[in-house]
Amino acid sequence: MSSSRDPFAASSVAPQTATGRDDRSVGELVSEVSRDLSTLIRQEIELAKAEATQSAKRAGKGAGMFGGAGVAGHMVLLFLSLALWWALGTVMGGGWSGLVVAALWAVVAAVLAARGRSEIKAVEGLPRTADSVKKIPDALRGHEEKNS
């Protein structure tokens, strides 16, 4: 962490008098609380940055692996399509077998497109987040009852 002062260390506690009372003024106490809170927030932000960086690196590696799997899967489909084209070609001729394989892939593409379109139409966005964001101005003004 960038701060050399640990707000939770025993040395940060003010010395007490013989009566066990803290002789610091309210201003000093508020200043110390403010400084400690600022340090805590900075440390939490640094921790969040470190965690986000680590998560992003792992996600990047995973995405790269998925990309490689996609390329490999594409090659499998390509060669299986060529094998089907060749096998059907021995039965009905090369040109017609190519059209059959292309028609098969057109049907697969149409089904996937229709399913994808229906899934996209079902997306609602972020309704709960939008609702809670709309409530922030009233909450800041102290009018939480308007959010009910």
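What counts and how
Residues numbered from 1 in each chain as written. Predicted model: local features only at pLDDT ≥ 70, side-chain atom pairs only at ≥ 80, totals over all residues. Heavy atoms only, no water. Salt bridge = Lys/Arg side-chain N within 4 Å of Asp/Glu carboxyl O. Buried < 20%, exposed > 50% of the residue type's maximum accessible area, 1.4 Å probe, protein only. Helix = DSSP H or I, 4+ residues; strand = E, 2+ residues; numbered from the N terminus. Expected span 1.5 Å × (residues − 1). Contact = heavy atoms within 4.5 Å. Axes fitted to C-alpha atoms, helices over the stretch in contact; angles between N-to-C directions. Parallel < 35°, antiparallel > 145°, perpendicular 65-115°, else oblique. Left-handed = near helix turned anticlockwise from the far one by under 90°. Nonpolar A, V, L, I, M, F, W, Y, C, P; charged D, E, K, R; others polar. pLDDT = per-residue confidence, 0-100.

## Description of the pattern of salt bridges
- Per the stated rule, a full pass over the model turns up one salt bridge.
- Taking the shortest distance from any N to any O, the salt bridge between Glu32 and Arg24 comes out at 2.1 Å.
- Using a relative accessible area of 13% as the deciding quantity, one classes Glu32 as buried.

## Concerning helix α1 (residues 26-92)
- Between its first and last C-alpha, α1 extends 95 Å over 67 residues, near the 99 Å set by a 1.5 Å rise per residue.
- Residues of α1 that are buried make contact with α2 (94-121).
- Looking one or two residues past α1, Gly93 carries a phi angle of roughly 100°, positive in sign.

## Describing the packing of α1 against α2
- Running from N to C, α1 and α2 cross one another at 140°; their axes reach a closest spacing of 7 Å. When the interaxial angle is binned, α1 and α2 end up oblique. Remark: the crossing between α1 and α2 carries right-handed chirality. For the pair formed by α1 and α2, the contact residues are Leu77, Ser81, Leu84, Trp85, Leu88, Gly89 and Met92 on the first element and Gly94, Trp96, Ser97, Gly98, Val100, Val101, Leu104 and Trp105 on the second.
- A breakdown of the residues in the contact of α1 with α2 according to their chemical character gives ten nonpolar, five polar and no charged.

## A word on the confidence of the model for the protein chain
- In the predicted model, the protein chain carries a mean pLDDT of 83, and 82% of its residues have values of at least 70.
- Looking over the protein chain, one finds the lowest element-wise mean pLDDT in helix α3 (residues 127-141), namely 75, and the highest in α2, namely 93.

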